[in-house]
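Secondary and tertiary structure notes
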Amino acid sequence: MPDEPAPAPEPAPAPEPAPAPELVEGPASDETRRLSGRTVLVAGATSASGHTATRALLAAGARVVAVGHDPAKLAALAGLGARAEACDLTCHDAVLELAMRVRHEVGRVDGILHLVGGWRGGGGLAGQTDDDFRVLEHSLTALRHVSRAFDDDLRASDAARTAIVSSTAVARPLAGGANYAAVKAASEAWMRAVAQGFAKAARDAEQPLRAASVVFRVKSLAGIEDSLADAFVALWSADAAVVNDTVIELAPS
C-alpha cells in the first residue's frame with residue numbers, strides 16, 4: 001500500500017503593513033475649525049460609505065462635492081447640503097471638465113475621498129477573466145484621472161488630505177480574487193506616488209508638508225461606514241507629515 005503524501009506545509013504569513021500612526025481625534029470643535037469652509041470631493045458618493053462620509057464631512061463644516069451616477073441618490077445627497085455632480089470618472093475629459101467647474105463655482109478642493117470600487121472574483125486563477133479585470137480596473141482609472149485633475153488644488157491647500165479605500169486582500173491575495181487584489185495593489189502604489197509628490201513639492205519649496213495621501217485598508221466596508229467616515233475626518237486633526245504615505249487598517253468596532 002503506497003504511503004500517504006505528506007501534508008503540504010502551511011504558507012508563510014504575509015508581511016504586515018508598516019505600522020500606521022494612531023490617529024488621535026481632537027475635540028469636535030477642533031475638527032470643525034480645521035474643516036470649516038474647506039471643499040472636499042467624495043468620488044463614489046452614492047454608495048453607502050459615500051453617503052455616510054458626506055454626512056460626516058458636512059457635520060464637520062466642509063463643503064462637499066458628491067460625485068456619482070445614480071440621479072436619485074445624488075438628489076438625496078444634495079438634500080443633505082452637498083453639491084451633487086454626475087460624472088463618468090473613467091472619462092479623462094469629463095473629469096477635467098468637472099475639475100474646472102468645481103474650481104470655478106465652488107473653489108479649489110482641499111480633500112478627496114475615493115470610494116469608486118467593486119468586486120468580481122471567484123473560480124480560482126483560471127476564473128480571473130479579462131472582462132472582470134477590465135470592470136475592476138475602472139476604479140484605478142478613475143483614481144488616476146481624479147488625482148491628476150485635482151493635484152494642483154491639493155498642493156496649493158494649506159491642509160490637504162486624500163484617501164482611498166483598499167483591501168486587506170493586498171497583503172494576502174487569493175487565487176479567486178487575483179484580479180481584485182492586483183487592482184487594489186496598483187491603486188495603493190498610485191497613492192504612494194501621490195504621497196511622494198506631496199513630500200517632494202514641500203521639500204523643493206522649503207515648506208512644511210501640508211498635504212497627505214493615505215490608504216485605508218478594510219476587509220469589508222459593510223458595517224464600518226461610520227468608522228471610515230470618522231477616520232477620514234480625523235485626518236485633518238493629524239500632522240500631514242505623520243499620516244502621509246501610510247496604510248491604516250480599519251476593522252469593525
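None of the values given here were measured: they were computed from a predicted structure.

1. Side note on the overall build of the chain
- The helix and strand inventory of the chain stands at nine helices and seven strands.
- Going through the 253 residues of the chain one by one, you find that 45% of them count as buried.
- When the accessible surface of the chain is summed, it comes to about 12,800 Å², and 54% of that surface belongs to carbon and sulfur atoms.

2. Focus on the nonpolar core
- If you look at the biggest cluster of nonpolar residues, it comprises 36 residues, and the most contacted ones within it are Leu35, Leu57, Phe216, Phe232, Leu235 and Leu250.
- Where this core is concerned, the elements lending two or more residues are β1 (39-43), α2 (48-59), β2 (63-68), α3 (71-80), β5 (160-167), β6 (211-218), α8 (225-234) and α9 (240-243).
- Element by element, the count of residues in this core is highest for α8, at five residues.
- When sequence neighbours within four positions are dropped, the list of residues in contact with Phe216 reads Ala163, Ile164, Val165, Ser166, Leu228, Ala231, Phe232, Leu235, Ile248 and Leu250.
- Counting residues in hydrophobic clusters, the runner-up holds 22 residues, among them Ala43, Val65, Ala94 and Val95.

3. What about the confidence of the model for the chain?
- Averaged over every residue, the pLDDT of the chain is 89; the share at 70 or more is 87%.
- Scored below 50 in pLDDT, residues 18-29 shows 18 contacts in the model against residues more than four places distant or in partner chains.

4. Re the pattern of salt bridges
- For the structure shown, the criterion picks out twelve salt bridges.
- With a shortest N-O distance of 2.4 Å, Arg83 and Glu105 are connected by a salt bridge. Placement of the pair is Arg83 in strand β3 (residues 83-86) and Glu105 in helix α4 (residues 92-105), with a sequence separation of 22 residues.
- One salt bridge in this structure joins Glu188 and Arg217, with 2.9 Å as the shortest N-O distance. Separated by 29 residues along the polypeptide, Glu188 in helix α7 (residues 178-204) and Arg217 in strand β6 bring together distant segments of the chain.

5. Remarks on the packing of helix α5 (residues 130-149) against α7
- At their nearest, the axes of α5 and α7 sit 9 Å apart, and the two run at 10 degrees to each other. The orientation of α5 relative to α7 falls into the category roughly parallel. Seen from α5, the contacting residues are Asp132, Phe133, Leu136, Glu137, Ser139, Leu140, Leu143, Arg144, Ser147 and Arg148; seen from α7, they are Asn179, Tyr180, Val183, Ala186, Ser187, Trp190, Met191 and Val194.

6. Side note on the side chain of Thr246
- Among the secondary structure elements, Thr246 is positioned in strand β7 (residues 246-249).
- Among the residues examined, Thr246 registers a relative accessible area of 11% and is labelled buried.
- Within polar-contact distance, the side chain of Thr246 engages the backbone oxygen of Val243 at 2.6 Å.

7. Side note on the packing of aromatic side chains
- By the definition in use, this model includes two aromatic pairs.
- Residues Trp119 and Tyr180 carry aromatic rings whose centres are separated by 4.9 Å and whose planes lie at 75 degrees to one another, so their mutual orientation is edge-to-face. Linking Trp119 in the loop between β4 (111-114) and α5 with Tyr180 in helix α7, this pair joins segments that are 61 residues apart in sequence.
- Among the residues examined, Trp119 registers a relative accessible area of 54% and is labelled exposed.
- Taking the relative accessible area as the measure of exposure, Tyr180 reaches 16% and is therefore buried.
- Considering the side-chain rings of Phe232 and Trp236, the 5.2 Å spacing of their centres and the 85 degrees angle between planes classify their relative orientation as edge-to-face. Assigned by exposure class, Phe232 and Trp236 land together as buried.

Calculation notes
Residues numbered from 1 in each chain as written. Predicted model: local features only at pLDDT ≥ 70, side-chain atom pairs only at ≥ 80, totals over all residues. Heavy atoms only, no water. Helix = DSSP H or I, 4+ residues; strand = E, 2+ residues; numbered from the N terminus. Buried < 20%, exposed > 50% of the residue type's maximum accessible area, 1.4 Å probe, protein only. Areas by Shrake-Rupley, 256 points an atom, 1.4 Å probe, with all protein chains shown as cover. Core = buried A, V, L, I, M, F, W, Y, C linked by side-chain atoms within 4.5 Å. Contact = heavy atoms within 4.5 Å. pLDDT = per-residue confidence, 0-100. Salt bridge = Lys/Arg side-chain N within 4 Å of Asp/Glu carboxyl O. Axes fitted to C-alpha atoms, helices over the stretch in contact; angles between N-to-C directions. Parallel < 35°, antiparallel > 145°, perpendicular 65-115°, else oblique. Polar contact = N/O pair within 3.5 Å; in protein donor to acceptor, adjacent residues only side chain to side chain. Phe/Tyr/Trp six-rings, centres within 6.5 Å; stacked < 30°, edge-to-face > 60°.

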